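Working through the structure, step by step
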Amino acid sequence: MITYIDPEKRYSDATIHNGIIYLGGQVPEDAKADAAAQTRSVLAQIDALLARTSSDKAHILEATIYLADFTDYDTMNREWDAWTAPGRAPARVCVQAKLADPRWKVEIRLTAAVKTAN
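Residues numbered from 1 in each chain as written. Predicted model: local features only at pLDDT ≥ 70, side-chain atom pairs only at ≥ 80, totals over all residues. Heavy atoms only, no water.

Let us look at helix α1 (residues 35–52). With 18 residues, α1 should reach 26 Å at 1.5 Å per residue; the first-to-last C-alpha distance of 26 Å fits that figure. Among all positions of α1, only Ala35, Ala36, Gln38, Thr39, Ser41, Val42, Leu43, Gln45, Ile46, Leu49 and Leu50 are buried. If you follow the buried residues of α1, they end up packed against β1 (2–5), β3 (20–26), β4 (60–67), α2 (73–83) and β6 (106–113). (Helix = DSSP H or I, 4+ residues; strand = E, 2+ residues; numbered from the N terminus. Expected span 1.5 Å × (residues − 1). Buried < 20%, exposed > 50% of the residue type's maximum accessible area, 1.4 Å probe, protein only. Contact = heavy atoms within 4.5 Å.)

Listed below in structure tokens is the structure:
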């Protein structure tokens, strides 16, 4: 069985199958904010989605971070490092990419385990 979280015509915010949560790319709520604020916004959205799907940041398996400009790499990493569960940093890749909205500085997608699946 597959569970779809907030499905729309083109995508769902997340899908769950066999105890694994697949989050779609999360983008900042305020496209005018700086890279630090945009990263915090995205991480807060991830926290909320993980809570809704019976998980949390300590159960993240892997993450893909898309940056519009690698000059924001250190800024994003400061926010990521402050947010990540101590001792539970997931496998991660960070790439520079042209994002759908040119004002976005960061987009993050990840896969996590449902807490009860461990």
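The next point concerns the packing of aromatic side chains. Within this structure, the stated rule accounts for two aromatic pairs. Judged by centre distance (5.3 Å) and plane angle (15°), the ring pair of phenylalanine 70 and tyrosine 73 falls under stacked. (Phe/Tyr/Trp six-rings, centres within 6.5 Å; stacked < 30°, edge-to-face > 60°.)

Working note: non-glycine residues mostly have negative phi, and peptide bonds are mostly trans. In the Ramachandran plot, aspartate 6 falls in the positive-phi region, its phi being about 50° despite a non-glycine side chain. Note on placement: aspartate 6 falls in the loop between β1 and β2 (14–17). The exposure class assigned to aspartate 6 is partly exposed, which follows from its relative accessible area of 33%. A positive phi angle, close to 50°, is found at asparagine 18, a residue other than glycine. Note that asparagine 18 resides in the loop between β2 and β3. The exposure class assigned to asparagine 18 is exposed, which follows from its relative accessible area of 65%.

What follows is about α2. Taken as a whole, α2 has its buried residues at Met76, Asn77, Glu79, Trp80 and Trp83. The buried residues of α2 occupy an angular sector of 165° when projected down its axis, which confines them to one face. Turned more than 90 degrees off the buried face of α2, the exposed positions are Asp74, Arg78, Asp81 and Ala82. Residues of α2 that are buried sit in contact with α1, β4, β5 (91–96) and β6. (Arc of directions from axis to C-beta.)

Leu23, Ile46, Ile65, Trp80, Ile108 and Leu110 are the most contacted members of the largest nonpolar core, which has 23 residues in total. For isoleucine 65, the contacting residues outside a window of four places in its chain are Met76, Trp80, Arg92, Val93, Cys94, Val95, Val106, Glu107 and Ile108. (Core = buried A, V, L, I, M, F, W, Y, C linked by side-chain atoms within 4.5 Å.)

Evaluation of the coordinates by the stated rule reveals five salt bridges. Here aspartate 101 ties to arginine 103 by a salt bridge, and the two come within 2.8 Å at their closest N and O atoms. A relative accessible area of 15% means that aspartate 101 is categorised as buried. (Salt bridge = Lys/Arg side-chain N within 4 Å of Asp/Glu carboxyl O.)

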